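Residues per chain, in single letters:
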Amino acid sequence: MVYHRILILIILAFAAGSASFAQVKLGKTETGNASYYSTKFDGRKTSFGELHKSNELSAAHKSYPHNTMLEVTNLDNDEKVIVRVNDRGPFKKSRVIDLSKEAAKIIGILGKGIANVSVRVVGMEGMILLDSDEEIDPKSGKVISMRTKR
């Protein structure tokens, strides 16, 4: 009887610990190389259980929890896009993120295949929290910086 209670407490402790481990700090930024999914992955299941759709704004990241919202900026042309993490990867050490083909098109990396990017956490659980002077173009997914008149 005591053994079962101890086992349950251990399981609950691990379950509670994993929830806090899965949190990521809003505003956290990293830089590195980004690539994008090949068309052969279109329609395949992601690690989140969804079907990968190359026309959606999604991404694969090694450690951010699924449904984390990321702002990806191409450092060569300053183009930005918001993507949702729904897969694990990339599996090449030199890359920090794999983008859907649509996200890669928006920030202009289709021609090169790989680009130097900045990745910033802008939301969690599918919700986006931007700075007060930013908004998202609903058609393109681009972050638009609003300039106030002085």
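Bear in mind the structure is a predicted one, so any value in this text is a computation, not a measurement. (Residues numbered from 1 in each chain as written. Predicted model: local features only at pLDDT ≥ 70, side-chain atom pairs only at ≥ 80, totals over all residues. Heavy atoms only, no water.)

Let us look at the pattern of salt bridges. In this structure the tally under the stated criterion is 5 salt bridges. The partner of R120 in a salt bridge is E71, with the nearest N and O atoms 2.9 Å apart. Placement of the pair is R120 in strand β6 (residues 115–124) and E71 in strand β3 (residues 69–74), with a sequence separation of 49 residues. The pair formed by R120 and E71 is uniform in burial state, with each residue classed as buried. (Salt bridge = Lys/Arg side-chain N within 4 Å of Asp/Glu carboxyl O. Helix = DSSP H or I, 4+ residues; strand = E, 2+ residues; numbered from the N terminus. Buried < 20%, exposed > 50% of the residue type's maximum accessible area, 1.4 Å probe, protein only.)

Turning to the side chain of R95, a few remarks are in order. Tracing the backbone shows R95 in strand β5 (residues 95–99). The buried charged residue R95 lacks any salt bridge partner; its closest oppositely charged side chain belongs to D98, at an N-O distance of 4.9 Å. Polar contacts involving the side chain of R95 include one to the side chain of S35, which spans 3.5 Å. Residue contacts for R95: discarding those within four places in its chain leaves N33, S35, K62, P90 and I114. (Lys, Arg positive; Asp, Glu negative; His and termini not counted. Polar contact = N/O pair within 3.5 Å; in protein donor to acceptor, adjacent residues only side chain to side chain. Contact = heavy atoms within 4.5 Å.)

Moving on, we get to the packing of aromatic side chains. Two aromatic rings, taken as a pair, are described by how far apart their centres are and by the angle between their planes. Considering all chains together, one arrives at 1 aromatic pair under this definition. Judged by centre distance (6.0 Å) and plane angle (75 degrees), the ring pair of Y37 and F41 falls under edge-to-face. Classification of Y37 as buried rests on a relative accessible area of 10%. Here F41 falls in the partly exposed class, since its relative accessible area comes to 30%. (Phe/Tyr/Trp six-rings, centres within 6.5 Å; stacked < 30°, edge-to-face > 60°.)

Omega for the bond connecting G89 with P90 falls within 30 degrees of zero, at -5 degrees, which places this linkage in the cis form. Here P90 shows up in the loop between β4 (80–87) and β5. Although it is not a glycine, N67 sits at a positive phi angle of roughly 75 degrees. Positionally, N67 belongs in the loop between β2 (58–60) and β3. By relative accessible area, N67 is classed as buried at 16%. One non-glycine residue with positive phi stands out, namely E125, at about 50 degrees. With respect to the helices and strands, E125 occurs in the loop between β6 and β7 (127–128).

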